[in-house]
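Coordinate analysis (summary)
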Amino acid sequence: MFIIDYNCKIFEYALSTNYLASSASLTDDSGNLDPNHAAEAVYEGGIFSWAGTKFWTWGTGQKKFFEYSCTAYDVSTFSYSSSDSPVFSPLWRCATISQDGDYILLGRNDAWIYQYSLSTSNDVSTMSDDSLKFYVGQGANMGVQYNNDRTKFFAISNGNPDDLLEFRLDDADDVSTG
């Protein structure tokens, strides 16, 4: 489990019981996010590529993704690589990337999930708006996650944070079919 703090650091926690946050303990691994990004008022979130060799974070200040390369899921090896994404909204609150790295779902604080395509896998500089969206309808989105084959996605909202919402996609390439 990884947590970003307000001082541009990311911390790694080991879970003694899978998926149980109360079993978390801080490891010795931590990473520094580039301090030049301190203009970010608040880091809204971060996501790893499925291989764990890229990490993206975003905030409300500079309106862009910040990309880091690393050894698979090793935050202590973070190396800043770029921050160019042609599409951005300061309203983004959560994100997930597909296993193949070709799609990103972004949840905003308006109860909609938006779909974006990457013409080059895992490269946010090739991101384009698919003009596809899905209304979750429970309030601001707080979390979103694809399953392995993009036939489902899951969302958590602040409208009812105790509920994990599950949506089946009739077309894996179109979030609006959820």
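If you're wondering where the values come from, they're calculated on a predicted model, not measured in any experiment.

**Details of the pattern of salt bridges**
Under the definition given, this model contains one salt bridge. Between lysine 54 and glutamate 67 there is a salt bridge; the shortest N-O distance is 3.7 Å. Within this pair, whereas lysine 54 is found in strand β5 (residues 54-59), its partner glutamate 67 is found in strand β6 (residues 65-69), the two being separated by 13 residues in sequence. For lysine 54, a relative accessible area of 22% corresponds to the partly exposed category.

**With respect to the sheet that holds strand β4 (residues 43-48)**
Reading across from one edge, β4-β5-β6-β7 is the order of the four strands in this open sheet, with antiparallel pairing throughout. At either end of the open sheet lies a strand with only one pairing partner, and these are β4 and β7 (79-82). Across the sheet, the mean angle separating the axes of adjacent strands is 30° when strand polarity is ignored. Judged from the three bridges that link them, β6 and β7 form a sheet pairing that is antiparallel. Bridge assignment links tyrosine 68 to a residue of β7, and that residue is tyrosine 80.

**Looking at the environment of serine 25**
Looking at the secondary structure, you find serine 25 in strand β3 (residues 24-32). With a relative accessible area of 42%, serine 25 lands in the partly exposed category. Taking the C-alpha atoms as reference, serine 25 lies 9.5 Å from methionine 1; in sequence the two are 24 residues apart. Setting aside residues no more than four positions away along its own chain, serine 25 makes contact with Glu12, Tyr13 and Ala14.

**Structural notes on the side chain of glutamate 67**
Since its relative accessible area comes to 7%, glutamate 67 is described here as buried. Side-chain polar atoms of glutamate 67 contact the side chain of tryptophan 56, separated by 2.9 Å. If sequence neighbours within four positions are ignored, glutamate 67 has contacts with Lys54, Phe55, Trp56, Ser79, Tyr80, Ser81, Ser82, Asn122 and Val124.

**Structural notes on the sheet that holds strand β1 (residues 2-4)**
Taken together, the three strands give an open sheet; going across it, the order is β1-β2-β3, and neighbouring strands pair in antiparallel fashion. Lying at the two open borders of the sheet, with one neighbouring strand each, are β1 and β3. Along the sheet, successive strands turn relative to each other by an average axial angle of 25°, direction set aside. By the bridge criterion, three bridges tie β1 to strand β2 (residues 9-15) in an arrangement that is antiparallel. The residue of β2 that forms the bridge with phenylalanine 2 is glutamate 12.

Parameters at a glance
- Residues numbered from 1 in each chain as written.
- Predicted model: local features only at pLDDT ≥ 70, side-chain atom pairs only at ≥ 80, totals over all residues.
- Heavy atoms only, no water.
- Salt bridge = Lys/Arg side-chain N within 4 Å of Asp/Glu carboxyl O.
- Helix = DSSP H or I, 4+ residues; strand = E, 2+ residues; numbered from the N terminus.
- Buried < 20%, exposed > 50% of the residue type's maximum accessible area, 1.4 Å probe, protein only.
- Pairing = 2+ DSSP bridges.
- Axes fitted to C-alpha atoms, helices over the stretch in contact; angles between N-to-C directions.
- Contact = heavy atoms within 4.5 Å.
- Polar contact = N/O pair within 3.5 Å; in protein donor to acceptor, adjacent residues only side chain to side chain.

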